[in-house]
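# Summary of the model geometry
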Amino acid sequence: MMRTRPLKVALLGCGVVGTEVARIMTTHADDLAARIGAPVELAGVAVRRPSKVREGIDPALITTDATALVKRGDIDVVVEVIGGIEPARTLITTAFEHGAGVVSANKALLAEDGSALHAAAERYGRDLYYEAAVAGAIPLVRPLRESLAGDKVNRVLGIVNGTTNFILDKMDTSGAGYSEALDEATALGYAEADPTADVEGFDAAAKAAILAGIAFHTRVRIGEVHREGITEVTAADIASARRMGCTVKLLAICERAADGRSVTARVHPAMIPLSHPLASVREAYNAVFVEAEAAGQLMFYGPGAGGSPTASAVLGDLVAVCRNIVGATTGPGESAYTRLPVSPMGDVVTRYHISLDVADKPGVLAQVATVFAEQGVSIDTVRQQGRQDGSGEASLVVVTHRAPDAALSGTVEALRKLDTVRGVASIMRVEGE
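These notes cover the structure that comes with them. Predicted model, so just to flag it, every value in this text is computed and none were measured.

### A closer look at the overall build of the chain
Helix and strand counts for the chain stand at 15 helices and 17 strands. Dimensions of the chain, computed from C-alpha atoms along their principal axes, come out at roughly 85 × 45 × 35 Å. Buried residues in the chain amount to 52% of all 433 residues. Within the chain, contacts between residues separated by at least 24 positions form 72% of all contacts whose residues are at least 6 apart in sequence. Surface exposure of the chain reaches about 18600 Å², of which carbon and sulfur atoms provide 49%. The chain carries 42 positive and 52 negative side-chain charges, and their two centres are separated by 3 Å.

### Overview of the sheet that holds strand 4 (residues 77–80)
Taken in spatial order, the six strands line up as 3-2-1-4-5-6 in an open sheet, and their pairing is parallel. Edge positions in the sheet fall to strand 3 (62–63) and strand 6 (128–129), since each has one partner strand and no second. Sheet analysis places strand 5 (residues 101–104) next to strand 6, joined by two bridges and oriented parallel. Bridge pairing in strand 6 links valine 102 to leucine 128.

### Focus on the state of the cysteines
Under the criterion given, the structure shown has zero disulfides. The thiol of cysteine 14 is not disulfide-bonded; the next cysteine sulfur, from cysteine 322, is found 18 Å away. Judged by relative accessible area, cysteine 14 falls into the buried class, the value being 8%.

### Quick word on helix 4 (residues 88–97)
Along helix 4, the positions that sit buried rather than exposed are Ala88, Leu91, Ile92, Thr94, Ala95 and Phe96. On the buried face of helix 4, the contacting elements are strand 1 (7–12), helix 3 (66–70), strand 4, strand 5, helix 5 (107–123) and strand 6. At the C-terminal side of helix 4, glycine 99 shows a positive phi close to 90°.

### Remarks on the packing of aromatic side chains
In total, this model carries two aromatic pairs according to the counting rule given. Note on phenylalanine 166 and tyrosine 190: the rings are 4.7 Å apart at their centroids and 40° apart in plane angle, and the pair reads as tilted. Of the two residues, phenylalanine 166 is situated in helix 8 (residues 162–174) and tyrosine 190 in the loop between helix 9 (178–187) and helix 10 (196–199); the sequence distance between them amounts to 24 residues. In this structure phenylalanine 166 comes out as buried when scored by relative accessible area, which is 1%. The class for tyrosine 190 is partly exposed, based on a relative accessible area of 35%. Taken together, a centroid distance of 5.3 Å and an interplanar angle of 10° make the contact between tyrosine 285 and tyrosine 301 stacked.

### Some points on the pattern of salt bridges
Tallied over the full model, the rule gives 25 salt bridges. Two residues, glutamate 431 and arginine 155, come together in a salt bridge whose shortest N-O distance is 3.4 Å. One end of the pair, glutamate 431, is in the segment after strand 17 (421–430); the other, arginine 155, is in strand 7 (residues 153–159), and 276 residues separate them in sequence. The pair glutamate 431 / arginine 155 is uniform in exposure class, with both members buried. Residue glutamate 334 pairs with arginine 219 through a salt bridge whose shortest N-O separation is 3.1 Å. Of this pair, glutamate 334 sits in the loop between helix 13 (307–326) and strand 13 (349–359) while arginine 219 sits in the loop between helix 11 (202–216) and strand 8 (226–227), and the two are 115 residues apart along the sequence. Salt bridges sharing partners connect three or more residues here, namely Arg155, Glu255, Arg266, Glu291 and Glu431.

### Concerning the pairing of strand 17
Judged by how many residues are buried, strand 17 sits mostly within the fold: seven of 10 residues are covered. One ladder, built from two bridges, connects strand 10 (residues 263–273) with strand 17; its direction is parallel. Along strand 17, the bridge assignment pairs alanine 270 with arginine 429. Sheet analysis places strand 13 next to strand 17, joined by eight bridges and oriented antiparallel. Bridge pairing in strand 17 links leucine 356 to valine 424.

### Re the nonpolar core
Counting 80 residues, the largest nonpolar core has Val78, Leu140, Leu144, Val153, Ile167 and Val290 as the members making the most contacts within it. Among the elements that make up this core, the one with the highest residue count is helix 11 (11 residues). Counting residues in hydrophobic clusters, the runner-up holds 33 residues, among them Val17, Leu32, Ala311 and Leu318.

### A few points about the environment of leucine 396
Its place among the elements puts leucine 396 in strand 15 (residues 393–400). You can call leucine 396 buried: its relative accessible area is 0%. C-alpha of leucine 396 to C-alpha of aspartate 360: the two residues are 36 residues apart in sequence and 9.6 Å apart in space. With near-sequence residues (within four places) excluded, leucine 396 lies in contact with Ile354, Ser355, Leu356, Val358, Leu365, Val368, Val382, Arg383 and Gln384.

### Considering a nonpolar patch on the surface
Residues Tyr285, Met299 and Tyr301 make up a contiguous nonpolar surface patch of roughly 300 Å² in combined accessible area. Structurally, tyrosine 285 is set in strand 11 (residues 285–292). By relative accessible area, which is 35% here, tyrosine 285 ends up partly exposed.

### Regarding the packing of helix 14 (residues 364–374) against helix 15 (residues 405–416)
Direction vectors running N to C along helix 14 and helix 15 enclose 145°, while the axes themselves pass 9 Å from each other. As helix 14 packs across helix 15, the resulting crossing turns out to be right-handed. Between helix 14 and helix 15, the contacting residues are Val368, Val371 and Phe372 on the first element and Thr411, Ala414 and Leu415 on the second. Looking at the contact of helix 14 with helix 15 residue by residue, the class counts come to five nonpolar, one polar and no charged.

Rules behind the numbers
Residues numbered from 1 in each chain as written. Predicted model: local features only at pLDDT ≥ 70, side-chain atom pairs only at ≥ 80, totals over all residues. Heavy atoms only, no water. Helix = DSSP H or I, 4+ residues; strand = E, 2+ residues; numbered from the N terminus. Buried < 20%, exposed > 50% of the residue type's maximum accessible area, 1.4 Å probe, protein only. Contact = heavy atoms within 4.5 Å. Areas by Shrake-Rupley, 256 points an atom, 1.4 Å probe, with all protein chains shown as cover. Lys, Arg positive; Asp, Glu negative; His and termini not counted. Charge placed at Lys NZ, Arg CZ, Asp CG, Glu CD. Pairing = 2+ DSSP bridges. Disulfide = S-S within 2.5 Å. Phe/Tyr/Trp six-rings, centres within 6.5 Å; stacked < 30°, edge-to-face > 60°. Salt bridge = Lys/Arg side-chain N within 4 Å of Asp/Glu carboxyl O. Core = buried A, V, L, I, M, F, W, Y, C linked by side-chain atoms within 4.5 Å. Patch = residues over 30% accessible without salt bridge, like charges linked within 9 Å, V, L, I, M, F, W, Y side chains within 5 Å. Axes fitted to C-alpha atoms, helices over the stretch in contact; angles between N-to-C directions. Left-handed = near helix turned anticlockwise from the far one by under 90°. Nonpolar A, V, L, I, M, F, W, Y, C, P; charged D, E, K, R; others polar.

If you want it as structure tokens, here you go:
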């Protein structure tokens, strides 16, 4: 039997995502009511610019006082899509205090202070759902938090930022440089006017922190995630990858240590073989591999951003929270019982592709190989090619076997000190093998 009193929803933020959430709530109202077991009603929309025309939204619902809206007492669910740390954090905790469950797409806040938000939700017996914070429309948080709750996840590897994937894809397929590819991404609306959060890896690092925390049942904050962006990736790097039968992707990698005593979380560009499924993820799409002990490898693929995809994830969470309210229950909260430490990047075992500009004369390769041996790093392949420009230099490309990242970093520093090494043209990790 359907509950007649509608569940009231407060929407904080009405940009691209918020507008789409409001539209779907209105146009699919009957379907949502049938799925939830009660009608849902948009009870208020908090915005910064009330004069802006918002098609399909009753102007009477618009307010600039978000605090008053979440404090009303009759609000059942607060949907937060304003982003940033404050006032979002205060508004979410206030919503819990006044009896509302929360649906959020705020990856930055969850990565920075997720444990405190979970604690507040538990204290007041309310739900905190955030599927849209990680990979847009791709169901990822709920499978990790619920479907795989009985399994042991050992690794999460994926492309979680559509802007950087678009840029790297264009560099690979068209031969464009970084700046040209970024300009195209901006023109098409894939990159913000200020793309720093995307291209410097902050967005992906926040998502990696959230994923690692859920996957490994521990607390991982964004400051513990090693982060490198794509601004230093060059057309030469892309060409080198292609010669190796690889492509370059910005990867978020979360791993449980082999001994199970620690975890790592990192975001950086990496070369992956063209045979790897992630290599075929094109344009602004996202894809994530989850490796679990019993389930094996699972791949999640789809649009990772945009108004409609993100709104789809928000509405999925809204339905879940509303169902819990109707059923007088709550969903799963934070699971951080393992309390595993997060190891630094230097402890991570990985491979490197190192491109050097060297003097084109006998003995150089032997000197370089000696440096690798002294640092305890084994060489997999070497390719040396002289130049025809009369510079007396050659290009030397070394691909290593797996070794601790600290040892590889020490190797690079030692190489820079050789008189025969004119410069380190590029350094990139190799993954997916």
